[in-house]
Amino acid sequence: MSSEQQYIDLYEQARPTIFGHAPEAMNAVRDEAFAHFKAQGFPSKKVERYKYTDVQRLFAPDYGVNLSRLEIPVDPYEAFRCDVPNLSTSLYFVVNDAFYSKALPKSHLPEGVIVDSMRNHPDLVSRYYARLARTADDAVTALNTMLAQDGLLVYVPRGVRVDRAIQVINILKATPQNAQRQVHDLMVNRRVLIVLEERAEIKMLFCDHAADDRNFLGTQVIEAYVGEDASLDLYCLEETHNKNVRLSNVYIDQQASSRVNHNIITLHNGITRNKLDLTLSGEGAECGCHACVIADKQQWVDNNTLITHRVSHCTSNQLYKYVLDGQATGAFAGRVLVEHGAQKTSSQMTNQNLTATNEARMYTQPMLEIYADDVKCAHGSTVGQLNDAALFYMQQRGIPRQEARLLLQNAFINEVIDKMQLEPLRDRLHYLVEKRFRGELNKCAGCKLCK
């Protein structure tokens, strides 16, 4: 059986169950998504945007899917205990792919702001859902759209600024099918819809954790509409484990004079693929896209970006940095598309990488595609090892070699962390990154997530 056939069979057999447990706004596009998935199948490595990750292999195992929406027995506050500093955020939880309404923050949101399940806001969801994440263009997005039954809605009305950052803890939790059977490996299809109207501002932090020592496969689709003169800071932090497979597709559309700061932090994982499609649709829009990746053992991290400059006077900056140890594999493929008429475009794309061993592998492919003649665009990539002269210099001054390596790796990654606008997160990441390099990240006292 091909990788996609089990999902085709699943949908055809479970369609009434899926429709019965999902809101109408999500059901309205479900059959079309299924048709697109059935026609495409999973992309092979011959597809340009998937050339570094074998998606067909990732989806080949038989994962359980909670289509009947069985309640997951979990206390998120008990599960999410760690010895890192408090970020002073409004804390929300998503358990697998469902908004957890039993543990909400005590602080009140500004009037009109919504952070809630999609099923409670049908008008907003029907207006925006699946408009950016086109299922005809991507099979993973199509699969997510045909199977997702709930989602997180974040809405900020015109002129409203949310001063307190919104932190969403995504908890992966396997659950027994019944008392006599073992816990299944689990597939999760998570959906997020972010809508910012004119002059709206918000900072969002998504933290991915795994509460069970099981094999997880997660697909995630985030759609973000950023209105005129609006501001979105979006941070995605992964601290799961080596049995986790995560495929995240992020779609962002920016209107005139808007600002987006998009950040990816991969500290602990199994196999991760992040895809970003960001479109600058209004003049004067700006985006900064940053990522830091730390991987070792056999971990795999693939970041793929497409930044489209559709109109003139827009700015984009990308900085992606990897530190790879052991037999880890990293990949970065970034493409900047400057369309006809997008004059006065300014774009910079940089990918820098450290391979700490001879077995680590890094693939990098920065690309520019320009159809306008009055632009300022540049790209560059480097792959190298730690500077032997710097290591020798530090050792001559009494710093042990292992400590010198750690200091140099920290300095390399800190360039990305220092660009992050959320100050409490910046401080936390400096702490977490040092623990990660020391091999102590999964040894937090009392933490049940990273074992």
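Rules of the game
Residues numbered from 1 in each chain as written. Predicted model: local features only at pLDDT ≥ 70, side-chain atom pairs only at ≥ 80, totals over all residues. Heavy atoms only, no water. Buried < 20%, exposed > 50% of the residue type's maximum accessible area, 1.4 Å probe, protein only. Helix = DSSP H or I, 4+ residues; strand = E, 2+ residues; numbered from the N terminus. Pairing = 2+ DSSP bridges. Contact = heavy atoms within 4.5 Å. Axes fitted to C-alpha atoms, helices over the stretch in contact; angles between N-to-C directions. Core = buried A, V, L, I, M, F, W, Y, C linked by side-chain atoms within 4.5 Å. Salt bridge = Lys/Arg side-chain N within 4 Å of Asp/Glu carboxyl O. Expected span 1.5 Å × (residues − 1). Phe/Tyr/Trp six-rings, centres within 6.5 Å; stacked < 30°, edge-to-face > 60°. Lys NZ or Arg CZ within 6 Å of the ring centre and 35° of its normal.

1. Description of the pairing of strand β12 (residues 259–268)
Most of β12 sits out of view: nine of its ten residues are buried. Direction of pairing for strand β10 (residues 231–239) relative to β12: parallel, over a ladder of nine bridges. Along β12, the bridge assignment pairs Tyr235 with Asn263. Across eight bridges, β12 lies against strand β14 (residues 286–295) in parallel orientation. When the sheet's bridge partners are listed, Asn263 is paired in β14 with His290.

2. Regarding the sheet that holds strand β2 (residues 90–95)
Two orientations exist for strands paired in a sheet by backbone hydrogen bonds: parallel and antiparallel. Reading across the sheet, the ten strands line up as β3-β2-β6-β8-β10-β12-β14-β16-β18-β20 and stay open at both edges, with mixed pairing between neighbours. Edge positions in the open sheet fall to β3 (98–99) and β20 (375–384), since each of these has one partner strand only. Note that strand β18 (residues 345–355) and β20 share ten bridges and pair parallel. Within the sheet, the bridge partner assigned to Thr350 lies in β20 and is Gly380. On top of the sheet, helix α9 (residues 401–417) reaches β14, β16 (315–324) and β18; it is set at about 155 degrees to β16, its chief contact.

3. Quick notes on the nonpolar core
Nonpolar side chains in soluble globular proteins tend to end up buried together. Membership of the largest hydrophobic core comes to 54 residues, with the highest contact counts inside it found for Ile194, Ile202, Met204, Leu232, Leu234, Ile252 and Leu278. With five residues, the single largest contributor to this core is β14. Residues in contact with Met204, not counting those within four places in the same chain, are Val154, Ile166, Val168, Leu232, Asp233, Leu234 and Tyr235. Listed in part, the 36 residues of the second largest apolar core include Ile171, Ile413, Ile417 and Leu422.

4. Let's talk about the pattern of salt bridges
Here the structure, examined in full by the defined rule, presents 28 salt bridges. For the salt bridge of Asp185 with Arg214, the shortest nitrogen-to-oxygen distance reads 3.4 Å. Placement of Asp185 in the loop between β6 (166–172) and β7 (186–196) and of Arg214 in the loop between β8 (201–210) and β9 (216–226) is noted, with a sequence separation of 29 residues between them. Three or more residues are tied together by salt bridges with common partners; here these are Arg49, Asp138, Lys275 and Asp277.

5. Digging into helix α1 (residues 5–20)
Between its first and last C-alpha atoms α1 spans 23 Å; for 16 residues at 1.5 Å apiece the expected length is 22 Å, and the two agree. Taken together, the buried positions of α1 are Gln6, Tyr7, Ile8, Tyr11, Ala14 and Ile18. Packing partners of the buried residues in α1 comprise α2 (24–27), α3 (30–40), α7 (139–147), β7 and β9.

6. Side note on the packing of aromatic side chains
Per the stated rule, a full pass over the model turns up nine aromatic pairs. Between the aromatic rings of Tyr52 and Tyr363, the centroid separation amounts to 5.5 Å while the plane-to-plane angle is 25 degrees, which identifies the pairing as stacked. Of this pair, Tyr52 sits in the loop between α3 and α4 (55–58) while Tyr363 sits in strand β19 (residues 361–370), and the two are 311 residues apart along the sequence. Note on Tyr363: relative accessible area 38%, which makes it partly exposed. Following the ring pairs from residue to residue traces out a cluster consisting of Tyr7, Phe37, Phe42 and Phe59. In this arrangement the basic side chain of Arg15 is found over the ring face of Phe19, its NZ or CZ atom lying 4.1 Å from the centre. Geometry around Phe19 places Arg30 over its ring, the cationic atom sitting 5.8 Å from the centre.

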